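Spelled out from the first residue to the last, the chains are:
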Amino acid sequence: MSIVELFILAVGLSMDAFAVSICKGLSLGKIKPKHMCIAGAWFGGFQALMPLIGYYLGSLFADMVTRYSHWVAFALLLAIGGNMIKESLGEEENVSNDMGFKSMLLLAIATSIDALAAGVTLAAVDTPILFSSAVIGITAFLFSFGGVFIGKKFGGFLGSKAECIGGIIIISIAIKTLVEHLY
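Everything quoted here is computed from the prediction, not taken from an experiment. Position numbers for residues count from 1 along each chain, tracking the sequence in the order it is written. Local features in a predicted model are, by the rule used here, given only for residues with pLDDT of at least 70; side-chain atom pairs are given and counted only at 80 or more, and totals for whole chains, interfaces and linings are based on all residues. The side-chain numbers reported here are obtained from all heavy atoms of the structure, hydrogens and water having been left aside.

Focus: the environment of Ile-113
Move 1: Among the structural elements, Ile-113 can be located in helix H5 (residues 101–124).
Move 2: A relative accessible area of 44% places Ile-113 in the partly exposed class.
Move 3: Along the backbone, Ile-113 and Asp-16 are 97 residues apart, and their C-alpha atoms lie at a distance of 9.9 Å. Strands here mean DSSP runs of E at least two residues long; helices mean DSSP runs of H or I at least four residues long; both are numbered from the N terminus. Residue burial is assigned from relative accessible area. The probe radius is 1.4 Å, only protein chains are included, and a residue is buried under 20% of its type maximum, exposed over 50%, and partly exposed in between.

This is the structure:
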């Protein structure tokens, strides 16, 4: 996977956290830099951690799927992207203004499940995981940090569109991965 493809994947994976951060920004009365840092740290941290876990789980089964890795990557990315689009078209989630440990932990886990599956995909296509996880985590941090601010200023306009865009990006990567390996 090239650095450009990795960055595009990172942006796509960050869209869940970005959408939730926008909602956090909408729900907060007055935002402070502390709020943006909290969102960035939670979401960026989990977006970096989950691909590592997925990669090592995927590596356990890599020998069994090596011949079909492009199909595995295609199926996982297609499922991730499709789920993101489906969620973006559903009922708008209600996010509270709570920035406490329990609330942020649950949101960070929920928004990074797709990054876990992406880690399995990264193992299947033999991508360096530490660098990849760092790129994904930093990208998610920046999107989440900015999402709180954007939510306060422009949140009503973006809403779930960010998650839909992320899903489209990830499906595009899935198609590109499959086409590259078939031809």
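Comments concerning helix H1 (residues 3–27)
Move 1: The end-to-end C-alpha distance of H1, which contains 25 residues, comes to 35 Å, matching closely the 36 Å that a straight helix rising 1.5 Å per residue would cover.
Move 2: The largest bend in H1 comes to about 40°, at Met-15.
Move 3: Counting buried residues along H1, 19 of its 25 residues qualify, which places the element largely inside the surrounding structure. Multiplying 1.5 Å by the residue count of a helix minus one yields the expected span of that helix. The seven residues ending at a residue and the seven starting there each receive a fitted axis; the angle between those axes is the bend at that residue.

Remarks on the packing of H1 against helix H2 (residues 33–60)
Move 1: Inter-axis angles, ranging from 0 to 180 degrees, are taken between N-to-C directions of lines fitted to C-alpha atoms, where helices are fitted over the stretch in contact. Relative orientation of the contacting elements H1 and H2 amounts to 155°, with a least axis distance of 11 Å. Here H1 lies roughly antiparallel to H2, going by the angle between them. As H1 runs across H2, the sense of the crossing is right-handed. Here H1 contributes Leu-13, Ala-17, Val-20 and Ser-21 to the contact with H2, which in turn contributes Ala-39, Phe-43 and Gln-47. Oblique is the label for any angle not covered by the other classes, which are roughly parallel (under 35 degrees), roughly antiparallel (over 145) and roughly perpendicular (65 to 115). Helix crossings are classified by the rotation of the near helix relative to the far one: an anticlockwise turn of less than a right angle makes the crossing left-handed, while a clockwise turn makes it right-handed. Note on definitions: a residue-residue contact is assigned when non-hydrogen atoms from the two residues lie within 4.5 Å.

Examining the packing of H2 against H5
Each pair of packed helices gets described by two things: the angle between the helix axes and the distance between those axes.
Move 1: H5 packs onto H2 with a crossing angle of 35° between their chain directions and a minimal axis gap of 6 Å. The chirality of how H2 crosses H5 is right-handed.
Move 2: The nonpolar class holds Ala, Val, Leu, Ile, Met, Phe, Trp, Tyr, Cys and Pro. Asp, Glu, Lys and Arg form the charged class, and all remaining residues, Gly among them, are polar. Along the lines of polarity and charge, the residues of the contact of H2 with H5 split into 21 nonpolar, seven polar and one charged.

Some thoughts on the nonpolar core
The nonpolar side chains of a soluble globular protein tend to be buried, and buried together.
Move 1: Here the nonpolar core consists of buried residues drawn from Ala, Val, Leu, Ile, Met, Phe, Trp, Tyr and Cys, with membership extended through side-chain atoms lying within 4.5 Å. Core analysis: the biggest nonpolar cluster contains 19 residues, and Leu-9, Leu-13, Tyr-55, Leu-77, Leu-122 and Ile-136 have the highest contact counts within it.
Move 2: For this core, the secondary-structure elements that each account for two or more residues are H1, H2, helix H4 (69–89), H5, helix H6 (129–158) and helix H7 (161–182).
Move 3: The element best represented in this core is H5, accounting for five residues.
Move 4: Look past the residues within four positions of Leu-122 in its chain and what remains in contact with it is Met-1, Leu-9, Tyr-55, Thr-127, Ile-129, Ser-132 and Ile-136.
Move 5: Listed in part, the 14 residues of the second largest apolar core include Ala-17, Met-36, Ala-39 and Leu-107.

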